[in-house]
Amino acid sequence: MTDTFDAAAPLSHRPSAPRPATPLPKLVAIGLLGGLLSGLLGVGGGTVMVPLLVFWAGYAQRDAHATSLGAIIPISIVSAATLGSGAHIDVRAAVFLTLGAVVGARVGAKALVGADDRKLQWLFGCFLLLAAVLMLVQG
Amino acid sequence: MSAVLIAAGILAFGLCTGMLSGILGIGGGTFMVPFMVLALGIGQHAAEATSLLVVLPTSVVATFVLARRGAVDVRRSLQLGLMGAAGGVAGALIALALPADALRRVFGLFMLIVAARMLHGLWKTRGQAGHA
């Protein structure tokens, strides 16, 4: 697990740990920036953090996805506490979406472990395009 | 439409969103909020708050799966997330003082450019990397 990954490198199907070389200040900056944009615009943290981790911190695509998922945990706790405290929660939607999403997340995360970076880049690129269009249409 | 059918529809949508979230490394709010607003007729604020409640267990489960396979540095992840949470609170406060629509358009355009560059780069180098 000492080899470094970059987006153009030949594929490896082994799970890879995030690059330990990424300096903490950069991670702090990405977290703050990602959170700031996400709070400012109401987009999910991952949409902002994944591209920053890949293009700025030099994470492999798969490591960026994995790291982003963990980062979403504290972000969603704080956001839910801030935004959700006064808001009405639709219980039916929350319960059934959660039941589905939890099962889906297991499948998705397992697929992520073995996925190759190029395919992930295609998938994320398409997602980002869709998210951008959704944002522009709303705006 | 019967209540059971609606529930099944929500469940199916949750399943798809969860899968995409797990593989894309996102929370899923990007998909769930429009779904709740447009398909279920839930108000924007309620949809956002509800989506956050779904995002939390989704990301916990995905991270658990990844951690068990050694595919994520959980400590690093959580550190990043704590910074993100702090930035998020600041962003939400700033958003109150700024024209949200203009910001949204600028950032949407930026995302569009990033996505286009990413896909263009992949298209240009297709066949060079060893995948089917």
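Starting from 1, residues in each chain are numbered consecutively following that chain's sequence as written. Whichever chain is written first is A, and whichever ligand is written first is 1; the rest continue in order. Local features in this predicted model are restricted to residues whose pLDDT is 70 or higher, and side-chain atom pairs enter the listing and the counts only when it is 80 or higher, whereas totals over whole chains, interfaces and linings include all residues.

A word on the overall build of chain A. Scanning chain A from N- to C-terminus turns up five helices and zero strands. Helix and strand assignments follow DSSP, with helices taken as H or I runs no shorter than four residues and strands as E runs no shorter than two, numbered in order from the N terminus. Its helices and strands in sequence order give chain A the pattern α-α-α-α-α, from N to C terminus. With C-beta atoms placed from the backbone, a residue counts as buried when 20 or more other C-beta atoms lie within 10 Å of its own, as exposed when 12 or fewer do, and as partly exposed for counts between those limits. Relative to its full complement of 139 residues, chain A shows a buried share of 53%. At a minimum sequence separation of 6, the contacts of chain A that also span at least 24 residues come to 61%. Throughout, a pair of residues is in contact if the C-beta atoms placed from their backbones lie within 7 Å.

We now examine the overall build of chain B. What chain B contains, in helices and strands, is five helices and zero strands. When the elements of chain B are put in sequence order from the N terminus, they spell out α-α-α-α-α. Computation of the radius of gyration draws on C-alpha atoms, with the globule rule given as 2.2 Å multiplied by the number of residues to the power 0.38. The C-alpha radius of gyration of chain B comes to 18 Å, more than 25% above the 14 Å expected for a compact globule of 132 residues. On the principal axes, the C-alpha backbone points of chain B span a range of 50 × 40 × 35 Å.

Now for the confidence of the model for chain B. Each residue carries a pLDDT score, the predictor's own confidence in it, on a scale running from 0 to 100. In this model, chain B carries a mean pLDDT of 90, and residues with pLDDT of at least 70 account for 96%. As scored by the predictor, the complex reaches a pTM of 0.87 and an ipTM of 0.90.

Taking 1.5 Å of rise per residue, 25 residues should cover 36 Å, and helix 5 (residues 100-124) of chain B covers 36 Å from first to last C-alpha, within 8% of that figure. Burial in helix 5 of chain B covers these residues: B:Phe107, B:Gly108, B:Met111, B:Ala115 and B:Met118. Elements in contact with the buried residues of helix 5 of chain B: helix 1 (24-41) and helix 5 (117-138) of chain A. What a helix should span is 1.5 Å times the count of its residues minus one.

Before going further, it helps to spend a moment on the domain arrangement of chain B. Domain start and stop positions are those given by an automatic or database domain assignment. Along its sequence, chain B is organised into domain 1 (3-96) and domain 2 (99-127). Using C-alpha coordinates to define each centre, domain 1 of chain B is positioned 22 Å away from domain 2 of chain B.

Residue-level contacts link 91 residues of chain A with 87 residues of chain B. A total of 20 residues in the side of chain A that touches chain B trace back to one element, the largest contributor, which is helix 4 (residues 91-114) of chain A.

What follows covers helix 1 of chain A. The terminal C-alpha atoms of helix 1 of chain A lie 25 Å apart, and with 18 residues this matches the ideal 26 Å at 1.5 Å per residue to within 8%. The complete set of buried residues in helix 1 of chain A reads A:Leu27, A:Ile30, A:Gly31, A:Gly34, A:Gly35, A:Leu36, A:Leu37, A:Ser38, A:Gly39, A:Leu40 and A:Leu41. Elements that come into contact with the buried residues of helix 1 of chain A comprise helix 2 (45-55) and helix 3 (61-83) of chain A together with helix 4 (74-95) and helix 5 of chain B. Backbone geometry just downstream of helix 1 of chain A places A:Gly42 in the positive-phi region, at approximately 70 degrees.

It is worth spelling out the packing of helix 1 of chain A against helix 2 of chain A at this point. Residues and elements named next belong to chain A. Relative to each other, helix 1 and helix 2 sit at 145 degrees, their axes nearing to 8 Å. As helix 1 runs across helix 2, the sense of the crossing is right-handed. Of the residues in helix 2, those in contact with Ile30, Leu33, Gly34, Gly35, Leu37 and Ser38 of helix 1 are Gly45, Val48, Met49, Leu52 and Leu53. Axis definition: a line fitted to C-alpha atoms, limited for helices to the stretch in contact. Angles are taken between N-to-C directions and run from 0 to 180 degrees. Throughout, a crossing is termed right-handed when the near helix is turned clockwise from the far one, and left-handed when it is turned anticlockwise from it by less than a right angle.

Before going further, it helps to spend a moment on the nonpolar core. Formed by 75 residues in total, the largest nonpolar core has its most connected members in A:Leu53, A:Leu97, A:Leu128 and B:Leu66. In terms of residue count, the dominant contributor to this core is helix 3 (residues 44-68) of chain B (eleven residues). Residue-level mapping places this core at the junction of two domains, with at least three residues from each of domain 1 (3-96) and domain 2 (99-127) of chain B. Residues contacting A:Leu128, with those up to four places away along its chain left out, are B:Met111, B:Val114, B:Ala115 and B:Met118. One nonpolar core equals one set of buried Ala, Val, Leu, Ile, Met, Phe, Trp, Tyr and Cys residues connected by C-beta atoms within 7 Å.

With that out of the way, let us pick up the environment of B:Leu5. For B:Leu5, the location among the structural elements is in helix 1 (residues 3-24). Separated by 19 residues in sequence, B:Leu5 and B:Leu24 have C-alpha atoms that sit 28 Å apart.

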